[in-house]
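# Geometric and topological summary
This is what each chain is made of:
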Amino acid sequence: MTIAEFLLILVITLAAELTDKSMVAAVLLSRRNGAATTVSAAITAVGLEAFIVAFIANSIRLILKGSIIHIVTGIVLTGIGLLLLWRALHGEAEESQDDQRTSSWLKIFVIFFLAELGDVTQATTAGFSLATGAPIWVGLAATLGMGISITTAVALTRYTQHLSQRLLYTLAGLIILVLAGLSFAGIGM
């Protein structure tokens, strides 16, 4: 793999993720859990997934058809969107500081891992891996692109501090439900 191919994958992944649900999730989660926890858990999740996808791209393409990926993505996004709307309407149960510290990293990891399943970035990662035959470099480039995107979102969180948590959850829930509808319609995100 050339440096130009590596940079191309990084830039394409970064561009795709800057307007993705990951940005919304990163803003919401960093407000509650802090920047370091959110960034480390999110990047670990999306990075692990990028490497998994890069290494098993041929298997995924042989086993799953594109329409099935859109349906699974739509179901996952619908669940996340409804959960966010429920939290906006009913408020959140307060966790003790000890419970929050213990479980927040793992929760963020799971949220990002599930949210990125079937995402266009993962499909792109699979395609680049098939095209280049360099899954390690493709996984690294995709992870860096997604990591820069997530870090940017967390850095922008301070500009949302004046907005209520309820408003952010409502907006995020509605945006994610729209993305779920697009996924069910077969339109990539």
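Residues numbered from 1 in each chain as written. Predicted model: local features only at pLDDT ≥ 70, side-chain atom pairs only at ≥ 80, totals over all residues. Heavy atoms only, no water.

## Section: helix 2 (residues 21–33)
The end-to-end C-alpha distance of helix 2 is 18 Å, a good match for the 18 Å that 13 residues give at a rise of 1.5 Å each. Across the 13 residues that make up helix 2, a large majority, 10, are buried. Buried within helix 2 are the following residues: Lys 21, Ser 22, Met 23, Ala 25, Ala 26, Val 27, Leu 28, Leu 29, Ser 30 and Asn 33. Where helix 2 terminates, the next one or two residues include Gly 34, which has phi positive at roughly 95°. (Helix = DSSP H or I, 4+ residues; strand = E, 2+ residues; numbered from the N terminus. Expected span 1.5 Å × (residues − 1). Buried < 20%, exposed > 50% of the residue type's maximum accessible area, 1.4 Å probe, protein only.)

## Here's the deal with the confidence of the model for the chain
When pLDDT is averaged along the chain, the result is 76, and 76% of the positions lie at 70 or above. When pLDDT is averaged over each element of the chain, helix 3 (residues 35–55) comes out on top at 90 and helix 4 (residues 57–63) at the bottom at 58. For the stretch residues 93–98, pLDDT sits under 50, and the model shows 5 contacts to residues farther than four places along the chain or on other chains. (pLDDT = per-residue confidence, 0-100. Contact = heavy atoms within 4.5 Å.)

## Remarks on the environment of Thr 132
Tracing the sequence through the fold places Thr 132 in helix 7 (residues 120–132). Distance in space between the C-alpha atoms of Thr 132 and Phe 6 is 9.9 Å, their sequence separation being 126 residues. When neighbours within four sequence positions are excluded, Thr 132 is seen to be in contact with Met 1, Glu 5 and Val 138.

## A few points about the nonpolar core
One recurring pattern in soluble globular proteins: nonpolar side chains tend to sit buried together. Ranked by size, the top nonpolar core spans 19 residues in total, and within it Ala 26, Ile 108, Phe 112 and Ile 150 carry the most contacts. Those elements giving two or more residues to this core turn out to be helix 2, helix 3, helix 6 (97–116) and helix 8 (135–156). Residue contributions to this core peak at 6 residues, all from helix 3. If near-sequence neighbours (up to four positions away) are discounted, Ala 26 is found in contact with Thr 38, Phe 112, Ile 150, Ala 153, Val 154 and Thr 157. (Core = buried A, V, L, I, M, F, W, Y, C linked by side-chain atoms within 4.5 Å.)

## Topic: the packing of helix 2 against helix 8
As a packed pair, helix 2 and helix 8 sit with axes 8 Å apart at the nearest point and diverge in direction by 45°. Considering the angle they form, helix 2 stands oblique to helix 8. The two elements helix 2 and helix 8 meet at a crossing, and its hand is right-handed. Together, Met 23, Ala 26, Val 27 and Ser 30 of helix 2 and Ser 149, Ile 150, Ala 153 and Val 154 of helix 8 make up the contact between the two elements. In the contact of helix 2 with helix 8, the residues fall into 6 nonpolar, 2 polar and no charged. (Axes fitted to C-alpha atoms, helices over the stretch in contact; angles between N-to-C directions. Parallel < 35°, antiparallel > 145°, perpendicular 65-115°, else oblique. Left-handed = near helix turned anticlockwise from the far one by under 90°. Nonpolar A, V, L, I, M, F, W, Y, C, P; charged D, E, K, R; others polar.)

## Here we look at a nonpolar patch on the surface
Judged by side-chain polarity, Leu 48, Ile 52, Phe 55, Ile 56 and Ile 136 come together as a nonpolar surface patch covering roughly 450 Å² of accessible area. The biggest single contributor to the nonpolar patch is helix 3, with 3 residues. Looking at the secondary structure, you find Ile 136 in helix 8. (Patch = residues over 30% accessible without salt bridge, like charges linked within 9 Å, V, L, I, M, F, W, Y side chains within 5 Å. Areas by Shrake-Rupley, 256 points an atom, 1.4 Å probe, with all protein chains shown as cover. Salt bridge = Lys/Arg side-chain N within 4 Å of Asp/Glu carboxyl O.)

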